[in-house]
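For reference, the chains in residue letters:
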Amino acid sequence: MTLSPLDDYPVHQAPEVMRHVTTSDRNFYDRYYFNVHACSDELMMLIGMGQYPNLGVTDAFAVVRRGPLHRVVRASRELGADRMDTTVGPFRVEVIEGLRRLRVALDDGGHGLAFDLTWEGTVPATLEPPHCLRRQERVVFDSRRLAQTGRWSGWIDVGGDRVEVTPDRWWGSRDRSWGIRPVGEPEPPGIQVKNSGTFYWLYAPIQFEDHAVLCIVQEDEKGRRVLEEAVRVWPEGSGREEEFLGRPEYRPSYAPGTRDVVTATLAFAPSGGKAFEIRATPLLPVHLMVGTGYGLEPDWKHGMYQGPELKVQGVSYDTRDPEDAARMWGMVDAVARYEYLDGSAPTPAHTGYGLFEYWALGPHPSFGPGA
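Caption draft 1: Structural context of the overall build of the chain. For the chain, the count of helices and strands is 1 helix and 23 strands. For the chain, the spread of C-alpha atoms along the three principal axes comes to 60 × 50 × 50 Å. Long-range contacts, defined here as pairs at least 24 residues apart, represent 60% of the contacts in the chain between residues at least 6 apart. Here the chain has roughly 16,400 Å² of accessible surface; of this, 51% comes from carbon and sulfur atoms.

Given below as structure tokens:
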């Protein structure tokens with residue numbers, strides 16, 4: 001056993017040193033995620049950093065979509081003993097005030113992307129329900145996550161073009177998740193080959209001027225709910241309590257011949273309140289899984305050991321190139337415009353913006369038989 005600086009804080013939850021988690025599952029992870037957008041189709045950036053204690057690895061990525069450009073910078077190193085060290089080469093995450101203010105930065109390393117940004121939450125960080133999923137008797141997901149909408153200040157440099165980021169128009173959301181989720185090098189599949197491969201998912205943290213709506217929908221290949229959440233969250237000091245919005249319903253409309261969402265309706269029916277709907281219109285798609293480590297590239301996955309030395313890479317694609325465009329597959333994290341319908345907004349803030357994260361992989365009743 002090896003001590004680390006975190007052991008000097010009274011935060012222990014088990015009779016272990018803090019750098020050891022309470023499960024030996026190789027897939028235990030602890031991750032930051034942020035998105036940055038200008039409430040338009042101008043630019044969207046996603047940033048992530050994760051630690052994988054049972055794999056001995058920490059890694060980070062940033063991906064920016066600006067026009068046709070999809071540019072990624074990623075880095076990986078050995079985790080070491082100090083889990084309070086939230087740097088991975090040129091990347092760093094700094095908690096300025098827990099659950100309120102953080103700083104994320106990427107130094108210029110010649111890969112055409114750098115930034116120094118400060119996040120400030122606009123609503124309290126909200127704990128989402130547990131995400132638990134067992135397949136062929138094995139626990140595949142067992143994680144918790146907090147979510148928060150907020151605003152950004154600082155700057156982003158894309159290919160030498162510096163963009164000043166101010167909180168009046170640069171919004172976003174973040175989450176912190178930890179637990180068990182598939183990461184790292186692939187394992188022998190064994191009986192898991194019998195799984196359907198379905199992942200029908202919506203994640204929509206929506207920010208309005210004076211409140212937020214947080215919505216999650218996950219269903220299996222038979223349309224059964226695996227995970228759901230729908231709450232309205234108000235800023236601290238507003239005098240209003242978090243509102244449970246009942247079972248969310250998700251009705252996407254796809255581009256012909258594809259599973260690319262053109263628009264979607266989110267419907268809510270709060271107990272004791274009036275049912276209402278919000279329309280989502282994706283403005284700029286970012287393919288989260290391309291280059292970032294979420295699973296498409298065999299040589300770069302989250303938690304994959306890249307050797308004893310720090311490794312930093314840059315990857316760029318141009319979606320005007322048919323070959324590059326064909327790579328844009330998998331989970332989509334889009335900035336979207338959200339509009340309360342039928343005058344149902346609880347305040348004058350009728351239109352908002354936020355993340356529209358979706359994936360429709362494999363069979364699902366909404367596609368009909370054989371689709």
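Having seen it, we continue.
Caption draft 2: The arrangement of the sheet that holds strand β16 (residues 225–233) in detail. Strand order in the open sheet made by the 9 strands is β17-β16-β15-β14-β23-β22-β20-β19-β18, with antiparallel pairing throughout. Each edge of the open sheet is held by one strand with a lone partner, namely β17 (243–244) and β18 (249–254). Relative to β17, β16 runs antiparallel, the two being bridged by 2 bridges. From the neighbouring strand, Val231 faces β17, where its bridge partner is Phe244.

Caption draft 3: Representation of the pairing of strand β2 (residues 44–52). Most of β2 sits inside the fold, with 9 of its 9 residues counted as buried. Residues Met44, Leu46, Gly48, Gly50 and Tyr52 of β2 are buried on one face, and the alternating residues Met45, Ile47, Met49 and Gln51, pointing to the opposite face, are buried as well. Here strand β1 (residues 28–37) runs beside β2; their pairing, made up of 8 bridges, is antiparallel. What sits directly across from Arg31, in β2, is Gly50.

Caption draft 4: Focus on the side chain of Asp175. In this fold, Asp175 is placed in strand β13 (residues 171–180). One buried charged residue, Asp175, forms no salt bridge at all, with the nearest opposite charge on Arg145 at 4.0 Å. Every residue in contact with Asp175, bar those within four places of it in the chain, is listed here: Arg31, Tyr32, Tyr33, Arg145, Leu146, Ala147 and Tyr203.

Caption draft 5: The pattern of salt bridges, seen in detail. Evaluated as defined, the whole model comprises 28 salt bridges. Arg100 is the salt-bridge partner of Glu97, the closest N and O atoms lying 3.3 Å from each other. Two residues, Glu228 and Arg225, come together in a salt bridge whose shortest N-O distance is 2.5 Å. With relative accessibility at 31%, the residue Glu228 sits in the partly exposed group.

Caption draft 6: Looking closely at the environment of Tyr9. As for its position among the elements, Tyr9 is in the segment before β1. Taking the C-alpha atoms as reference, Tyr9 lies 45 Å from Gly273; in sequence the two are 264 residues apart.

Caption draft 7: A look at a nonpolar patch on the surface. Where nonpolar side chains cluster on the molecular surface, the patch consists of Tyr9, Val11 and Met84 and spans about 260 Å² of accessible area. Its relative accessible area of 36% is what places Met84 among the partly exposed residues.

Caption draft 8: Layout of unusual backbone geometry. Phi at Gln136 is positive, roughly 50°, even though this residue is not glycine. Mapped onto the fold, Gln136 is located in the loop between β10 (131–135) and β11 (138–158). Although it is not a glycine, Glu137 adopts a positive phi angle of roughly 75°. Note on placement: Glu137 falls in the loop between β10 and β11.

Caption draft 9: Quick look at the side chain of Asp333. For Asp333, the position within the fold is in strand β22 (residues 332–340). With no salt bridge to any partner, buried Asp333 finds its closest opposite charge in Arg145, at an N-O distance of 8.6 Å.

Caption draft 10: Local environment of the packing of aromatic side chains. Within the structure shown, the criterion is met by 17 aromatic pairs. Between Tyr200 and Phe367, the aromatic rings sit 6.3 Å apart at their centres with planes inclined by 75°, giving edge-to-face as the arrangement. With Tyr200 in strand β14 (residues 199–207) and Phe367 in the segment after β23 (351–361), the pair connects residues that are 167 residues apart, well separated along the chain. Given a relative accessible area of 5%, Tyr200 falls into the buried group. Relative to Phe367, the ring of Tyr254 has its centre 5.5 Å away and its plane inclined at 45°; by these criteria the two rings are tilted. Here Phe367 lies in the segment after β23 and Tyr254 lies in strand β18, a separation of 113 residues in the sequence.

Caption draft 11: How the structure looks around the environment of Met289. Relative to the helices and strands, Met289 is located in the loop between β20 (276–287) and β21 (311–318). Residue classification places Met289 among the buried residues on the basis of a relative accessible area of 8%. When the C-alpha atoms of Met289 and Gly121 are compared, they prove to be 26 Å apart, with 168 residues separating the residues in sequence. Setting aside its immediate chain neighbours within four residues, Met289 contacts Tyr294, Leu296, Glu297, Trp329, Gly330, Met331 and Trp359.

Caption draft 12: The state of the cysteines, seen in detail. For the structure shown, the criterion picks out 0 disulfides. Counting only cysteine sulfurs, Cys215 is the nearest neighbor of Cys132, a cysteine outside any disulfide, at a range of 19 Å. Residue classification places Cys215 among the buried residues on the basis of a relative accessible area of 1%.

Caption draft 13: Spatial organisation of the environment of Asp318. Checked against the element boundaries, Asp318 lands in strand β21. Distance in space between the C-alpha atoms of Asp318 and Ala38 is 21 Å, their sequence separation being 280 residues. Look past the residues within four positions of Asp318 in its chain and what remains in contact with it is Pro68, Asp324 and Ala325. Separated by 2.7 Å, the side chains of Asp318 and Arg320 make a polar contact.

Definitions and cut-offs
- Residues numbered from 1 in each chain as written.
- Predicted model: local features only at pLDDT ≥ 70, side-chain atom pairs only at ≥ 80, totals over all residues.
- Heavy atoms only, no water.
- Helix = DSSP H or I, 4+ residues; strand = E, 2+ residues; numbered from the N terminus.
- Contact = heavy atoms within 4.5 Å.
- Areas by Shrake-Rupley, 256 points an atom, 1.4 Å probe, with all protein chains shown as cover.
- Pairing = 2+ DSSP bridges.
- Buried < 20%, exposed > 50% of the residue type's maximum accessible area, 1.4 Å probe, protein only.
- Lys, Arg positive; Asp, Glu negative; His and termini not counted.
- Salt bridge = Lys/Arg side-chain N within 4 Å of Asp/Glu carboxyl O.
- Patch = residues over 30% accessible without salt bridge, like charges linked within 9 Å, V, L, I, M, F, W, Y side chains within 5 Å.
- Phe/Tyr/Trp six-rings, centres within 6.5 Å; stacked < 30°, edge-to-face > 60°.
- Disulfide = S-S within 2.5 Å.
- Polar contact = N/O pair within 3.5 Å; in protein donor to acceptor, adjacent residues only side chain to side chain.

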